[in-house]
Amino acid sequence: MESRSRRSLTRSKADLPTSLRRAWYHLRLSVRDPTRVRTWDAIVLTAASPEQADLYNWQLNRAKRMGRIAPSTITLAVPDPHGQRIGSGAATLNAIFTLAKHLHHLSLIDSPVAGSSKQNSNNEIPVQQLVELIRKKHILLLHAGGDSKRVPWANPMGKVFLPLPYMAADDPDGPVPLLFDHILAIASCARRAFHNEGGLFIMTGDVLPCFDAFSMVLPEDTASIITVPITLDIAANHGVIVASKFGSSTDAHSVFLVEDLLQKPSVDDLVDRRAILDDGRTLLDTGIIAVKGTAWVDLVMLACSSQPMISGLLQSKKEVSLYEDLVAAWVPAKHEWLKGRPLGGELVTALGKQKMFSYCAYDLLFLHFGTSSEVLDHLNGTGSGLVGRRHLCSIPATTVSDIAASAIIISSKIAPGVSIGEESLVYDSAISTSIQIGSQSIVVGVNVPEAQNMANETSFRFMLPDRHCLWEVPLVGHTERVIVYCGLHDNPKISLSQDGTFCGKPWMKVLIDLGIHDADLWGLKENKDKCLWSAKIFPVLSYSKMLQLATWLMGLSNQEDEHLLHLWKISDRISLEELHRSIDFSKMWLSSTNHQADLAAGIVSACLNFGLLGRNLSQLCQEVLQNEVSGIKTCKEFLSICPRLEAQNPQILPKSRAHQVHRDLLRACNDEQMAAEMDHKVWAAVADETALAVRYGLKADSSQDSLGQSFQLKKVKVELPVRVDFVGGWSDTPPWSLERSGCVLNMAITLEGSLPVGTIIETTKEPGLSINDDAGNEIYIENISSIAPPFDSNDPFRLVRSALFVTNIVNDNIFQSTGLQIKTWARVPRGSGLGTSSILSAAVVKALLQITDGDDTNENVTRLVLVLEQVMGTGGGWQDQVGGLYPGIKFTSSFPGIPLRLQVNPLLVSPQLNNELHQRLLVVFTGQVRLAQRVLQKVVIRYLQRDNLLVSSIRRLVELAKIGREALMNCDIDELGDVMLEAWRLHQELDPFCSNAFVDKLFAFSDPYCCGYKLVGAGGGGFALLLAKTAESGKELRRLITENSDFDVQVYDWEISL
């Protein structure tokens, strides 16, 4: 046991970019391969009303379409019953019960006969049956209902779905990241803490908690609340946890029993309850709760029998809070207090047998989006370096507009003549000419029509002052969208008597300046709370009149204008409170969807007509297709441009890219048959471009007698090592290497004391070709000149045939009267990932060139093998043959052009480096067979589509190769381990199926002993590199994995091949 003296002042907060990138990597992996990286069985959102629940369900479906949620995950938005507030605690019970019923409904669909017999005579589902359906599920619950009074412009969309363009630049053609998306990323890491037992993970929709959730270890059969140390001034406005003096602790976290709960405590309260830590801080309740094991089953039992209790709450119009009431049931010190609260006795009886623990994450960075100013602070302060300030938008040239560099313009169309000030946010809007937006302002969902559309109205220049919010909302039963506005720092909950403000001015000044009375805003009821939330101030008129009155109400026009005062008084007006209940969510969603589809269509059109197809048109067209009326028609118009694109100069626009765009547009238009035909053109173009880049086919005189005038028997033997790659693979692969620079750090090695790959080729007096391999396959071909592609993918001698073809021996006249005998071997397991196929190709090509007195330099052989793999249809790059042909450790760079240039830089291996690598690096065959071609095809297609995440990942691999080179030159093996770990993460980003459950288990087992590990080559199985922390760790790890019956692996002895 350890005291809770945590030395927390010395601990730094989580690095926001690192935390988010790791979380997003894990999220993408769990969505793309949920069988290997477990994801949530269900994601549930609470909503304030059925209408808001419909909007949330649309957002959940969008998240699935965008790859934020796995297709297998059940998603559900659950409104409070009848739209009446019941509190977050009761809403939690209602959400669990609703999910259980939904699961029962799905079970009836899957097995209608078996399911129908399990309901009782009242058509009610037995509680125990519901419990059994849900108790083993892993559920993420987000509380997202209620009013966003302090962020009123986010009320229509739901605060959890407000835009948060962190890392938006990583995927410029993808959707704008929302707060919800980042929460999903963090939550995906927390799923690991539940293992295979069911449980519930609760988060709030206005907080982004950045911490190492992946390493979270929670007590069994309990509830846990995530906490973080904070200063006492912050604690005064939040919930605080009083934890036991003793528990378990590490450098990253601590786990202590919760002894008490405090709400917005004073310093005296904190002192009296012994809530102050040794460093002078206290524990903040982050709003994140995990419930596991027995505690989860208890909660499910309560939820599935809670409907009578919730009906009582509805009748009494009372609420049950999650953080004050439900959580208190797990804290014995709160039981007596809780029994005097609504449903308190029931909560204690049902849940009180289990305890609650505090999981204190020292590094947790708590980003709260509770006010409009906090939103801008997080965009321009803490996370400013992560923010994509221009995303999926249409912006005029700087000579015809004045848009600050620090302004954030996302999913918006800005006309010429617009001014936008510093650090402002414009989202989901269309801003027409002559609009001026001040600094630190927020504009959301605003669609200002062009001047000609308001020709019959008085024309004027609309200006939004600094530090203001402006948004539009469609109302049920109205054709016009109402324009809404307030000051950035206005608190809609603060009343007139407490110096509440509107547009930054005290209410009393607003009333006096405008000449209006408080009865105009709040009626004649004396007991009514006179605040911005309830003020009927926003007129519902024609668009231009609403703009004029907005200018007047904000104090920017003549405030003594009797005409505007009269117009305002006679108009229908609405308050923020009424607005929240009158939103036409379906119209808002449709308008936003079509707006973003139109923006995407504009970007695609510009790319096709003016650009070099550098955008991810496949991704953008998916957005275009969300417009159900015009999406397909628009994509067909784009399709008609393709012939012009394919006719362009291939040195400017590669044919492979033009064909890929054609294929993607065909798929967008649902023409799968033509798209499949275009696939062949794509791969043929890649092969042609590769051949051209290595000057394939330029042999001066292919008909001359390459063996001389007199025949001589000749025999050549070539043996080569295999290669292991540390980092940089994929940057060597066409078409990347034909268009962009590549770098690979790899090493040639022997296995079990021998060079494992080789060939023997000898001439024979008799014409014809005889081939045999170490697998016992044999073939005789009478006429060598008959060899020509395409080659059968099942032909065991496809490699040798291709080598004969690319070396042009099939056209050599001498072999009309003489013959060849070729023997090959590769004494390594199939699918090893050691580059065996390419290295064997290099051996055969080199031997053929030697026997014909051709150019057998390593550089020429490397180029010919690159073409050979395209001819075979396997693809592949240059790193494997370089790894086998050139000895030792080398850092190889490629430079695109015609010809493709390679620069191989050998690293001088000191005795110290050789010895340390040999002692610490384990070369392990996993027993998992893989085929690089399948992985390669997926990666190449994503590159041809200009998948931005893939492009950025390969760029990072190139940088890591340079870092790894420096590490080896400095004999810094630990840094090489870090490079290997990041490279392995990036390989899984490129293709999640490059690993599997067995490999994950092997790496998890090895992790305590290793500073780095990865699979070699493209992954998917084959050999693994395990880089131990020390020589002793290497010995111990070798012994453990060899003796462990869970791992049927083989550790190979190896040496650097020098």
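Residues numbered from 1 in each chain as written. Predicted model: local features only at pLDDT ≥ 70, side-chain atom pairs only at ≥ 80, totals over all residues. Heavy atoms only, no water.

Asker: Quick question: what am I supposed to make of the packing of helix α27 (residues 798–806) against helix α29 (residues 858–872) here?
Answerer: Helix-helix packing is characterised by the crossing angle of the two axes and by the distance between the axes. Running from N to C, α27 and α29 point in directions that differ by 125°, and their axes come no closer than 9 Å. In terms of orientation, α27 lies oblique with respect to α29. Crossing hand, α27 versus α29: right-handed. Facing Arg798, Leu799, Ser802, Ala803, Phe805 and Val806 of α27, the residues of α29 in contact are Leu864, Val867, Leu868, Val871 and Met872. Classifying every residue of the contact of α27 with α29 gives nine nonpolar, one polar and one charged. (Axes fitted to C-alpha atoms, helices over the stretch in contact; angles between N-to-C directions. Helix = DSSP H or I, 4+ residues; strand = E, 2+ residues; numbered from the N terminus. Parallel < 35°, antiparallel > 145°, perpendicular 65-115°, else oblique. Left-handed = near helix turned anticlockwise from the far one by under 90°. Contact = heavy atoms within 4.5 Å. Nonpolar A, V, L, I, M, F, W, Y, C, P; charged D, E, K, R; others polar.)

Asker: I tried to follow unusual backbone geometry on my own but got confused; where do I start?
Answerer: For residues other than glycine, phi is negative in most cases, and the peptide bonds are mostly trans. With omega at 0°, the peptide bond leading from proline 789 into proline 790 counts as cis. With an omega dihedral of 5°, the bond running from isoleucine 898 to proline 899 counts as a cis peptide bond. Its location among the elements puts proline 899 in the loop between β36 (889–895) and β37 (901–906). Of note, the phi angle at arginine 467 is positive, near 60°, even though the residue is not glycine. Along the chain, the position of arginine 467 falls in the loop between β22 (463–464) and β23 (468–474). Positioned with a positive phi, glutamate 752 is a non-glycine residue whose angle comes to about 50°.

Asker: Before we go on, may I ask you to explain the side chain of threonine 282 in this structure?
Answerer: Looking at the secondary structure, you find threonine 282 in strand β10 (residues 282–292). In this structure the side chain of threonine 282 is engaged in a polar contact, spanning 2.7 Å, whose partner is the backbone oxygen of alanine 275. Contacts of threonine 282, omitting those with residues within four sequence positions, involve Val228, Pro229, Ile230, Leu232, Ala235, Val240, Ile241, Leu270, Ala275 and Leu277. (Polar contact = N/O pair within 3.5 Å; in protein donor to acceptor, adjacent residues only side chain to side chain.)

Asker: Looking at this model, I keep getting lost on the pairing of strand β4 (residues 138–143). Mind explaining?
Answerer: The side chains of a regular strand alternate between the sheet's two faces. Of all six residues making up β4, six are buried, and the element is well covered by its neighbours. The alternating pattern of β4 places His138, Leu140 and Leu142 and Ile139, Leu141 and His143 on opposite faces, both of which are buried. Relative to β4, strand β2 (residues 42–47) is paired through five bridges, and the arrangement is parallel. Considered in β4, the bridge of threonine 46 is made with histidine 143. Bridge count between β4 and strand β5 (residues 199–204): six bridges; the pairing is parallel. Among the inter-strand pairings, leucine 140 is bridged to a residue of β5, identified as phenylalanine 201. Crossover connection from β4 via helix α6 (residues 179–190) to parallel β5: handedness left-handed. (Buried < 20%, exposed > 50% of the residue type's maximum accessible area, 1.4 Å probe, protein only. Pairing = 2+ DSSP bridges. Right-handed = clockwise from strand over helix to strand, strands pointing away.)

Asker: What exactly am I supposed to notice about the sheet that holds strand β17 (residues 419–420) here?
Answerer: Sheet strands pair by backbone hydrogen bonding; their relative direction is either parallel or antiparallel. Sheet architecture is open: four strands sit in the order β14-β17-β20-β22, paired in parallel fashion. Both edges of this open sheet fall to β14 (402–403) and β22, since each of them pairs with a single strand only. Here two bridges tie strand β20 (residues 436–437) to β22, and the two strands are oriented parallel to one another. Across the sheet, the residue bridging to isoleucine 437 is leucine 464, located in β22.

Asker: Is there a simple way to explain the sheet that holds strand β32 (residues 757–764) in this structure?
Answerer: Spatially, β29-β32-β35-β33-β34 is the arrangement adopted by the five strands of the open sheet, whose pairing is mixed. Every other strand in the sheet has two partners, leaving β29 (715–720) and β34 (778–781) as the edge strands with one partner each. Neighbour-to-neighbour, the strand axes of this sheet turn through a mean angle of 10°, independent of strand direction. Note that strand β33 (residues 768–773) and β34 share four bridges and pair antiparallel. Bridge pairing links isoleucine 771 to isoleucine 779 in β34.

Asker: Whenever I open this one, the packing of aromatic side chains confuses me. Can you help?
Answerer: Summed over the entire model, instances satisfying the criterion amount to 19 aromatic pairs. Between phenylalanine 502 and phenylalanine 538 the ring centres are 6.4 Å apart and the planes differ by 65°, which places this aromatic pair in the edge-to-face class. Of this pair, phenylalanine 502 sits in strand β25 (residues 501–502) while phenylalanine 538 is found in strand β27 (residues 538–540), placing the two residues 36 residues apart along the sequence. The pair phenylalanine 502 / phenylalanine 538 is uniform in exposure class, with both members buried. The ring centre of phenylalanine 214 lies 4.5 Å from the NZ or CZ of arginine 192, which sits over that ring. (Phe/Tyr/Trp six-rings, centres within 6.5 Å; stacked < 30°, edge-to-face > 60°. Lys NZ or Arg CZ within 6 Å of the ring centre and 35° of its normal.)

Asker: Would you take a moment to explain the environment of serine 1045 for this structure?
Answerer: Within the secondary structure layout, serine 1045 lies in the loop between α36 (1031–1043) and β41 (1050–1052). Sequence separation between serine 1045 and tyrosine 780 is 265 residues, and the spatial gap between their C-alpha atoms is 45 Å.

Asker: Could you clarify how one ought to interpret the confidence of the model for the protein chain in this entry?
Answerer: In low-pLDDT regions, the fine details of the predicted coordinates are not to be read closely. Averaged over every residue, the pLDDT of the protein chain is 91; residues scoring 70 or more account for 95%. Predicted confidence is poor over residues 1–10, with pLDDT under 50, and the contacts of this stretch with residues over four places away or in other chains come to 32 contacts. Low confidence marks residues 697–705, where pLDDT is under 50. Its contacts with residues over four positions away, or in another chain, come to eleven contacts. (pLDDT = per-residue confidence, 0-100.)

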